[in-house]
Amino acid sequence: YNNRGVAKDDLGDYQGAIADYNQAIKIKPDYADAYNNRGVAKDDLGDYQGAIADYNQAINIKPDYALAYNNRGIAKSDLGDKQGAIADYNQAINIKPDYADAYNNRGIAKKNLGDKQGAIADYNQAIKIKPDYANAYYNRGIAKKNLGDKQGAIADYNQAAQLYAQQNKMVDYQDALNQVKNLEK
C-alpha cells in the first residue's frame, strides 16, 4: 500500500495516495515511512497542520528520521513558522550532516528572516555537498542579488541555468536565464 501510495502521489492523486497510506498504517501502525509519505501528500493538498501531525508521528516512531524533520520544516515554513522550520532543518542536519536539501531549505528560511549572509552560507554548504544542486545556485543568486552582488548573482543564475538544462528542467532553465537578463539591463 505504501508503494502504491507513492505512485499515486507522483501522479498527483493525493487523495488516493492518502487512502493507500491509511491502509499501510492500519496494517502496520509503526510504519514511519507511511506517516511521512502521508504527510507529504497532505502538504501537497495544503493541509499543513495534518502534514505536521503525520511528521510528528513518523519522528515519534523513528527519532533519527532526518527526512521527516526536513519535511516538517517545510510545512512549518509554509505556515509562516520560520524559526520552527529552522529548528527542524537543524535537527535534520544534526542527524544527517550531508543533507543538502536541509541546508538549502534552511537557507530559504534564513533569507525569509532577513539573514542573507546566513542563507548564503547554507546554500554554499548545499552546493559543496551536491555540486549539481541547481536550486541552491538559484537561491544563492537571489541572496547575492539582494545583497547587491550583481556579478555574483549572474554567475549563480547562469550556473543554475546550465544545471537545469542538463537535468531537462526547461521551465526552471528559462526562469534562471530571465533572471540573468533582468540583472544585465
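Values in this document were obtained by computation on a predicted structure and should not be read as measured data.

1. Description of the overall build of the chain
The secondary structure content of the chain amounts to eleven helices and zero strands. Scanning the chain from its N terminus toward the C terminus, one meets helices and strands in the order α-α-α-α-α-α-α-α-α-α-α. In terms of overall dimensions, the chain is globule-like: its C-alpha atoms have a radius of gyration of 18 Å, near the 16 Å expected for 185 residues. At a minimum sequence separation of 6, the contacts of the chain that also span at least 24 residues come to 43%. In the structure as shown, the chain presents an accessible area of about 9,200 Å², 46% of it carried by carbon and sulfur atoms.

2. Quick word on helix α6 (residues 82-95)
Its 14 residues give α6 an end-to-end C-alpha distance of 20 Å, which sits within 8% of 20 Å, the value for a rise of 1.5 Å per residue. All of the buried residues in α6 are Lys-82, Gly-84, Ala-85, Ile-86, Asp-88, Tyr-89, Ala-92 and Ile-93.

3. Brief notes about the packing of helix α5 (residues 66-78) against α6
Across the interface, α5 lies against α6 with an axial gap of 8 Å and an inter-helix angle of 165 degrees. Here α5 lies roughly antiparallel to α6, going by the angle between them. Two packed elements cross with a definite hand, and for α5 against α6 that hand is left-handed. Contact residues: Ala-66, Tyr-69, Asn-70, Arg-72, Gly-73, Ile-74, Lys-76 and Ser-77 in α5; Lys-82, Gly-84, Ala-85, Asp-88, Tyr-89, Gln-91, Ala-92 and Ile-95 in α6.

4. Considerations on unusual backbone geometry
Although it is not a glycine, Asn-168 adopts a positive phi angle of roughly 60 degrees. Tracing the sequence through the fold places Asn-168 in the loop between α10 (150-166) and α11 (170-184).

5. Focus: the packing of aromatic side chains
Each aromatic ring pair is described using two quantities: the centre-to-centre distance and the angle formed by the ring planes. One pass over the structure, following the stated rule, counts one aromatic pair. Ring centres of Tyr-138 and Tyr-157 lie 5.3 Å apart, and the angle between their planes is 65 degrees; on these two criteria the pair is classed as edge-to-face. Taken together, the positions of Tyr-138 in helix α9 (residues 134-146) and Tyr-157 in helix α10 put the pair 19 residues apart, joining distant regions of the chain. No difference in accessibility class separates Tyr-138 from Tyr-157, as the two residues are buried. Its guanidinium or amino end placed over the ring of Tyr-99, Lys-96 lies 4.8 Å from that ring's centre, counting from NZ or CZ. In this arrangement the basic side chain of Lys-130 is found over the ring face of Tyr-133, its NZ or CZ atom lying 4.6 Å from the centre.

Rules used in this analysis
- Each chain carries its own residue numbering, running from 1 in the written order of its sequence.
- A pLDDT threshold of at least 70 governs which residues receive local features in this predicted model, and a stricter bar of 80 or more applies before side-chain atom pairs are shown or counted, although totals over entire chains, interfaces and linings include all residues.
- Side-chain metrics rest on all non-hydrogen atoms present in the structure, leaving aside hydrogens and water.
- Strands are runs of DSSP state E lasting at least 2 residues, helices are runs of H or I lasting at least 4, and numbering of each runs from the N terminus.
- Each radius of gyration is computed over the set of C-alpha atoms, and the globule rule expresses the reference value as 2.2 Å times the number of residues to the power 0.38.
- Contacts between residues were defined by any pair of non-hydrogen atoms, one from each residue, lying within 4.5 Å.
- Surface accessibility follows the Shrake-Rupley procedure with a 1.4 Å probe radius. Residue values consider only the protein chains on display as shielding.
- An expected span of 1.5 Å times one less than the residue number is assigned to each helix.
- Note on exposure labels: buried denotes an accessible area under 20% of the residue type's maximum, exposed denotes more than 50%, and partly exposed covers the range between, all computed with a 1.4 Å probe on protein chains only.
- Every axis corresponds to a line fitted to the C-alpha atoms, with the helix fit spanning only the stretch in contact, and the corresponding angles, defined between N-to-C directions, vary from 0 to 180 degrees.
- Any angle that is under 35 degrees is reported as roughly parallel, and any over 145 degrees as roughly antiparallel; angles of 65 to 115 degrees are reported as roughly perpendicular and all others as oblique.
- Should the near helix be turned anticlockwise from the far one by less than a right angle, the crossing is left-handed, and should it be turned clockwise, the crossing is right-handed.
- Stacked, tilted and edge-to-face are the three classes applied to pairs of Phe, Tyr and Trp rings, where Trp contributes its six-membered ring and a pair requires centres within 6.5 Å; stacked means planes under 30 degrees apart, edge-to-face means over 60, and tilted covers the rest.
- Charge-over-ring contacts are defined here by two conditions on Lys NZ or Arg CZ: a distance within 6 Å of the ring centre and an angle within 35 degrees of the ring normal.

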